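Summary of structural features
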Amino acid sequence: MNTTLLGFFRHQFVASPLKRLLWMVPLIAVMAFGPFVVDSALSAAFLPSMVTVLVLVALQQEETAYTAFGVPRSRAVKLAAFGVVPAVLCGVGVALAARPDWVGLLGALFAVVAGLLIGTRYVEATNDEDRRAVRGRIGRGGFIFEVIFKPQLLWAAGIAVAHSLLLYLAGVVSSEPLAQFLVSLPILVWATVYCSNGTGILGATSMTSFGVPRRRWLVLYWGAALASVALYMAVLLLVAPIGLRAILALGAAGLASAVLGAPLKVWRTDVGLIPAMFLFFAVKDTLLIDDPHPAQVAYALAIAGLIFLIGLVLQALFVFGVINPKQGFKDA
């Protein structure tokens, strides 16, 4: 392998299967074309940051690759720049070309922030943690609770509180598109975390590393997911200014992403954003009104149900050995 900076970056680009570009390039094109055709200032400001993230992920797949090769932090910064700089330039270019006004400047700022935030993950992954820090993070509650249940329960509590605050904030925002985006954002973040690698919610590949049998892990994961969704819905029911129908739609979306995310982290680690976007658009119309129309709730439940069924099928394939956890290591 060529160990120059450019050669190493090229190796990381081609190491993962290039078939990922078959879906990433069209998705990037759609996101880049969006600001030119939508009238919403919010969408025009938000979409360039999505372009930046998608281009960066397409260029650099594995966040921990530099650690695996023993690359020092100073060199990792330069290598990360090979992906971050063109990704940010793409996002900024789309923002300013589509809206050469304050909206475009805001979109360009979002693109820069998104590129820097995601780019730092490639650099921070090179930091070694000492054993005391790792042991302290695992805690004393037992392996099952600390590794499987605790991350999901803490995540559910945090996102529920944040979601409740955003729902109240949306009530005083004069712009309806901005308010709709704010109240829908938590479910997008929730689903992305459950369906993507590199988060505190561990997938089957990580459990295989710990020597946990797949059937046992799946049962424990289901228990943690159900408990987390129940906690999320309970907090919203107690403090959020929305009705029961909207909370049911949110709970269904959260459970669907959890069910799909479990096998998705083994099968296809690069498509986690797609189900998250589907769920985001499915529930957004049910959250701004006290009593959403039954058709809106039915649509959200139908999308969540479809993703839930896909997740069940993939889980069955995983349990019966059709989907191999080792494939996650191979792809990485």
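This text gives an overview of the structure that appears in the document.

Definitions and limits used
Residues numbered from 1 in each chain as written. Predicted model: local features only at pLDDT ≥ 70, side-chain atom pairs only at ≥ 80, totals over all residues. Heavy atoms only, no water. Helix = DSSP H or I, 4+ residues; strand = E, 2+ residues; numbered from the N terminus. Buried < 20%, exposed > 50% of the residue type's maximum accessible area, 1.4 Å probe, protein only. Contact = heavy atoms within 4.5 Å. Areas by Shrake-Rupley, 256 points an atom, 1.4 Å probe, with all protein chains shown as cover. 1 Å grid on protein atoms, 1.4 Å probe; cavity = no way out; pocket = protein on both sides within 12 Å on 5 of 7 lines; lining within 4 Å. Points joined across faces, edges and corners; volume = space filled by probe spheres on them. Core = buried A, V, L, I, M, F, W, Y, C linked by side-chain atoms within 4.5 Å. Axes fitted to C-alpha atoms, helices over the stretch in contact; angles between N-to-C directions. Parallel < 35°, antiparallel > 145°, perpendicular 65-115°, else oblique. Nonpolar A, V, L, I, M, F, W, Y, C, P; charged D, E, K, R; others polar. Salt bridge = Lys/Arg side-chain N within 4 Å of Asp/Glu carboxyl O. Left-handed = near helix turned anticlockwise from the far one by under 90°. Phe/Tyr/Trp six-rings, centres within 6.5 Å; stacked < 30°, edge-to-face > 60°.

**Comments concerning the overall build of the protein**
Helix and strand counts for the protein stand at 15 helices and zero strands. Each of the 332 residues in the protein was classed as buried or not, and the buried ones make up 45%. Taking the intrachain contacts of the protein between residues at least 6 apart in sequence as the baseline, contacts between residues at least 24 apart amount to 78%. Looking at the protein as shown, the accessible area adds up to about 16300 Å², and 70% of this sits on carbon and sulfur atoms.

**Here we look at the layout of surface pockets**
Here the second largest pocket is characterised by a volume of approximately 560 Å³. Surrounding the second largest pocket, 24 residues form its lining, Ser43, Leu47, Met277, Phe280 and Phe281 being those nearest its centre. Sorting the residues of the lining of the second largest pocket by element identifies α2 (21-37), α3 (41-59), α9 (176-195), α13 (273-283) and α14 (294-319) as the ones contributing at least two each.

**As for the nonpolar core**
Among the nonpolar cores identified, the biggest contains 87 residues, and Trp190, Trp217, Tyr221, Tyr232 and Leu250 are the most heavily contacted of them. Ranked by residue count, the leading element in this core is helix α12 (residues 244-267), at 12 residues. Setting aside residues up to four positions removed in sequence, tyrosine 232 forms contacts with Ala156, Ile159, Ala160, His163, Ile187, Trp190 and Leu250.

**Re the packing of α9 against helix α11 (residues 214-239)**
Two elements in contact, α9 and α11, have axes separated by 14 Å at closest approach and are oriented at 170 degrees. Between α9 and α11, the interaxial angle falls into the category roughly antiparallel. On α11, the residues that touch Ile187, Trp190 and Tyr194 of α9 are Tyr221, Ser228, Val229 and Tyr232. When the residues that make up the contact of α9 with α11 are grouped by side-chain class, the tally is six nonpolar, one polar and no charged.

**Points about the side chain of serine 49**
Within the fold, serine 49 resides in helix α3. In this view, serine 49 contacts Phe110, Ala111 and Ala114; residues no more than four positions away in its chain are not counted.

**Remarks on the pattern of salt bridges**
For the coordinates displayed, the defined rule picks out one salt bridge. Among the salt bridges present, the one from arginine 99 reaches aspartate 101, with a minimum N-O distance of 3.6 Å. By relative accessible area, which is 32% here, aspartate 101 ends up partly exposed.

**Quick notes on the packing of α9 against α13**
Where α9 meets α13, the closest approach of the two axes is 8 Å, and the angle between their N-to-C directions is 155 degrees. Between α9 and α13, the interaxial angle falls into the category roughly antiparallel. With respect to the hand of their crossing, α9 and α13 are arranged in right-handed fashion. Seen from α9, the contacting residues are Phe181, Ser184, Leu185, Ile187, Leu188, Ala191, Thr192 and Cys195; seen from α13, they are Leu273, Pro275, Ala276, Met277, Leu279, Phe280 and Val283.

**So, the packing of aromatic side chains**
The tally for this structure, following the rule as stated, stands at four aromatic pairs. Ring-pair connections join several aromatic residues into one group, and the members of that group are Trp190, Tyr194 and Tyr232.

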